[in-house]
Amino acid sequence: MSTRDSIYNDFYNFWSEDYEITNNATGCAFICMAARLNLIVNGPNSHINVDSFFQYSRKRGADDETTKRLLQILRYCEHLSQDVTDTCMRVMHCANCFRKEIHALNWAPRVVETPL
C-alpha cells in the first residue's frame, strides 16, 4: 500500500473504535491540516491556536463548554505524547489518544459504511 493510500485509509477509518493509526505520515498529514486551518501556532512543535480552535469548533456547531472539553482532551493527549521525539509520530499518538477519549465520552460520529 502506498503512503498516500495508507493516509487515506487512516482518515477513512479514523472514527472506527477498534482502529489505530500506525503510520507516522498520517501524523504529518494532521500537522499540515492543522497548519492550513490555522489551528496551530508556530508550527507543529508549538501550541494550539486557541482562538482559531474556538472559531473552528463554533462553526461546526460546538458550544463553548464542548469546545473547552475538546481542548482539554487535546492538551491531555499532547501531554501523554510529549516524550515522543519524532513530531509526526507524536501527533499520530495524540490523534489515537484523542479518538479514544472521544469514544469514551460517546461523542464519536457514527461510522457509516459507504461503498468506495
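Cut-off values and rules
- Residues numbered from 1 in each chain as written.
- Predicted model: local features only at pLDDT ≥ 70, side-chain atom pairs only at ≥ 80, totals over all residues.
- Heavy atoms only, no water.
- Helix = DSSP H or I, 4+ residues; strand = E, 2+ residues; numbered from the N terminus.
- Rg over C-alpha atoms; globule rule 2.2 N^0.38 Å.
- Buried < 20%, exposed > 50% of the residue type's maximum accessible area, 1.4 Å probe, protein only.
- Contact = heavy atoms within 4.5 Å.
- Areas by Shrake-Rupley, 256 points an atom, 1.4 Å probe, with all protein chains shown as cover.
- Lys, Arg positive; Asp, Glu negative; His and termini not counted.
- Charge placed at Lys NZ, Arg CZ, Asp CG, Glu CD.

S.K.: When you look at the overall build of the protein in this model, what are you seeing that I'm missing?
M.R.: Counting its secondary structure elements, the protein contains 5 helices and 2 strands. The C-alpha atoms of the protein give a radius of gyration of 14 Å, which matches the 13 Å a tight globule of 116 residues would have. In terms of principal-axis extent, the alpha carbons of the protein reach across some 40 × 35 × 25 Å. With 116 residues in all, the protein has 37% of them scored as buried. Looking at the protein alone, contacts between residues at least 24 apart form 47% of all its contacts between residues at least 6 apart. When the accessible surface of the protein is split by element, carbon and sulfur atoms take 51% of a total near 7700 Å². Taken as two groups, the 12 positive and 14 negative side-chain charges of the protein have centres that lie 6 Å from each other.

S.K.: Whenever I open this one, the side chain of serine 16 confuses me. Can you help?
M.R.: Structurally, the position occupied by serine 16 is in the loop between helix H1 (3-13) and helix H2 (24-36). Accessibility expressed as a relative area gives 15% for serine 16, which makes it buried.

By themselves, these observations are geometric and do not establish any function.
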